[in-house]
Amino acid sequence: MELIYTVIIFAFAIMFSNIVNRILPIIPLPVIQIILGVAIGMTELGKTIIFEPEIFLVMIIVPLLFREGVKADIASIVKNFDIILFLSFGVVLLTLLGVGLSVHSIMPTIPLAACFALGAALGPTDVVAVSSLSDRISLPKKVVHILEGEGMLNDASGVTAFQFAVGMLLTNLFSFGHAARSLLFASIAGVLLGWAIVWCKNQLLLLIERASARDVSGYLLIELLLPFLAYILAELVGASGIIAAVVTGILQANGLKKMSVFDAELANVSEAIWSTITFILNALVFLFLGLELVQVLPEIWNDANYSNYFLLFVVLFVTFAIFLIRLVSIISFYLIKGKIAGVKQKFNEILIMTFGGVKGTVSLATILVLPFTINGQDFVARPLLLFITASVILLSLLIGILVLPLLTDEEPETKDNSLEITLLNQVIVTLQNSDNETQKVKINVVIETYRDRIRELYIDQLTTDGKKDVQELQTLIYSIDRDGLDDSFKKDEVSSQSYRIYKRFVNQMRDSISRQLRSFFVFWLMIVRHLFVMITHPKLFVERMKSTDNQGFSKDNMEQIKNVFFRNTEIILKSLDNLRTAYDEDLVQFFIDERLDIAQKMEEGTMIESLVIKTKATYNSELLSGFHEERRKIDEYEIAETIDSEKANELRRKVNLLESYSIQNTGNTLVSRFSRILKKKIT
């Protein structure tokens, strides 16, 4: 049962860390997960968890590196192959030697091989950690491609070098010539074995196809087993299991693709499952770091051999060393490749690549593989090396947070969705000119759906400050509607049934508000006031929690809803008009026009009917006709060369996704049956 409890607690911690990061994106996700790991480590359960380095290596590092190989952009790697190769192998080797020799010189009690293991673990960079620093960082595309390519290759080289350093530590034998020959053999053998495993997998799938035994679940299980099979077989023959896993991933992603419904379904399922697995494994690494810190920190902090100030100095020294080695190495590469003038011209790019080399998942996962014992005796330096590595990772993240925004644009490049907005507006015009009068109401609901998509595109292309303004205006409107409804209920101006029907409309508005709380104003209106109502008006809070039923809804209920809506609308329009000087006037007018459009539908009596239609299965047939028209417009734009093929395919993927979702929701569901009953009650 203890294992089950541990799995459940870690699952909840991973889920909670993601929620916190979505609400407060300014805090990097790894930092949140480390804090949660510390919290788990302080519990009785956390104190009983013991790491098994070999299991950690196979079950976490191997699949993570395999997935990096699958996602590798081979074209970008080939384009920048020279600098990526230098960063992935040259800088990793220099970091191993520089950090290893430096740490051994100031802490001679730690074996040299262990110091080399520390340097090897701190060699790989983590581009995922860079992207999680802040949504305000916009890195140049060239630098992103270089960091991504380096991140894939230097993970393999760093972990392989670490394994050789640990081998030195365990055997106390070392020869540069022997190590070089062994590394070369292990690398080449790993590449060949990775290729052989993918070839065997393809032959197996071919046999399964000929036997007419294709199955998505079976194929997916084979793919999930590939990295583990590659690693285990490679280690058995003395090759590099890490390199074999990475090569297997690269070949798995860049093989010949068949165009069939089965392969498309398999690709979609595989992408979804691997994304979830990768997120969980990355999260586990940082949770384990926090947990491990709790276990080793007291021992390190109270160690009489080293003062706490000296330990802080070591952390700062190692962090400075890895960035200095990286900076000098990149400058040297540019000098060899070009001239001093080229270095001056690209110095900002060099600095971005330097401070973009923060440490993350692989460094942490690698150092956790250090053995607990050497030749039957406790490895007393293990907690110290874990402490140094964890501290350097955190410090490098903080440096990235502080330095990278100074070297890049404060705001990422804003999107330009104007062309897509124009395309959707043309689809709306076509739908409005439809001659099918019997389906006019349903077509209007489809048009409303397209207008919602246009609104999302409009908001998506705003700057961070613009999105913050949108969220504040949305929340203001939601708050006025919610308060007006609550006041009317308290005064018995609306029945419980009318209250819950109107609540559905208000909740739709709430759900459209951006999920990221970008200001304290929004936090107050959405969270604090909700808690305030729960405490001060428990009856009202209970009423909010009730779901809409189909009993007693009449025309009187409709009149009650209209009265509340138009009273709230008057307050909303006055409030928005007074905010023209505080917010962008076009943005304020956008929300005014939107509210007036809803008011017109309410006056015509189609507002509630629209809500009902959206829950009906037959609504999807009109949606599909809209998707057909949207595809036709995309084809016209591509033929006219208004958009290129890449953009056209991106738009088609969106349509395919929406259409697939609509088809899946077609059917005689409980919601659709309820909507028919509700409509009868209204009429």
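Computed from a predicted structure; not experimentally measured.

Notes on the pattern of salt bridges
Under the defined criterion, the tally for this structure stands at 18 salt bridges. Note that Glu636 and Lys633 form a salt bridge whose closest N and O atoms lie 4.0 Å from each other. Linking Glu636 with Lys633, this pair stays in helix α28 (residues 619–639), spanning 3 residues, or about one helical turn. If you follow the salt bridges from partner to partner, you end up with Glu629, Arg632, Lys633 and Glu636 in one network.

Quick notes on the environment of Arg214
Its location among the elements puts Arg214 in the loop between α10 (176–210) and α11 (216–236). The exposure class assigned to Arg214 is partly exposed, which follows from its relative accessible area of 37%. Considered as a pair, Arg214 and Phe262 are 48 residues apart in the sequence and their alpha carbons are 8.6 Å apart.

Looking at the confidence of the model for the protein chain
Here the protein chain averages 78 in pLDDT, and 80% of its residues register 70 or above. Throughout residues 514–521 the model reports pLDDT below 50, and contacts reaching past four residues in sequence, or to other chains, amount to 22 contacts. Across residues 667–683 the pLDDT falls below 50, and counting only partners more than four positions away or on other chains, this stretch makes 30 contacts in the model.

So, the packing of helix α16 (residues 347–355) against helix α18 (residues 382–407)
The N-to-C vectors of α16 and α18 enclose an angle of 160 degrees; their axes lie 10 Å apart at closest approach. Of the possible angle classes, the one that applies to α16 and α18 is roughly antiparallel. With respect to the hand of their crossing, α16 and α18 are arranged in left-handed fashion. Residues Asn348, Leu351, Ile352 and Phe355 of α16 touch α18, and the partners they reach there are Ile399, Gly400, Val403, Leu404 and Leu407. When the residues that make up the contact of α16 with α18 are grouped by side-chain class, the tally is 7 nonpolar, 2 polar and no charged.

A few points about the nonpolar core
Residues Ile110, Phe162, Ile242, Val318 and Ile388 are the most contacted members of the largest nonpolar core, which totals 106 residues. In terms of residue count, the dominant contributor to this core is helix α9 (residues 141–171) (13 residues). Excluding residues within four positions of it along the chain, Ile388 makes contact with Met107, Leu118, Val314 and Val318. If you look at the next biggest cluster of nonpolar residues, it comprises 20 residues, including Leu423, Leu424, Ile454 and Ile634.

Definitions and cut-offs
- Residues numbered from 1 in each chain as written.
- Predicted model: local features only at pLDDT ≥ 70, side-chain atom pairs only at ≥ 80, totals over all residues.
- Heavy atoms only, no water.
- Salt bridge = Lys/Arg side-chain N within 4 Å of Asp/Glu carboxyl O.
- Helix = DSSP H or I, 4+ residues; strand = E, 2+ residues; numbered from the N terminus.
- Buried < 20%, exposed > 50% of the residue type's maximum accessible area, 1.4 Å probe, protein only.
- pLDDT = per-residue confidence, 0-100.
- Contact = heavy atoms within 4.5 Å.
- Axes fitted to C-alpha atoms, helices over the stretch in contact; angles between N-to-C directions.
- Parallel < 35°, antiparallel > 145°, perpendicular 65-115°, else oblique.
- Left-handed = near helix turned anticlockwise from the far one by under 90°.
- Nonpolar A, V, L, I, M, F, W, Y, C, P; charged D, E, K, R; others polar.
- Core = buried A, V, L, I, M, F, W, Y, C linked by side-chain atoms within 4.5 Å.

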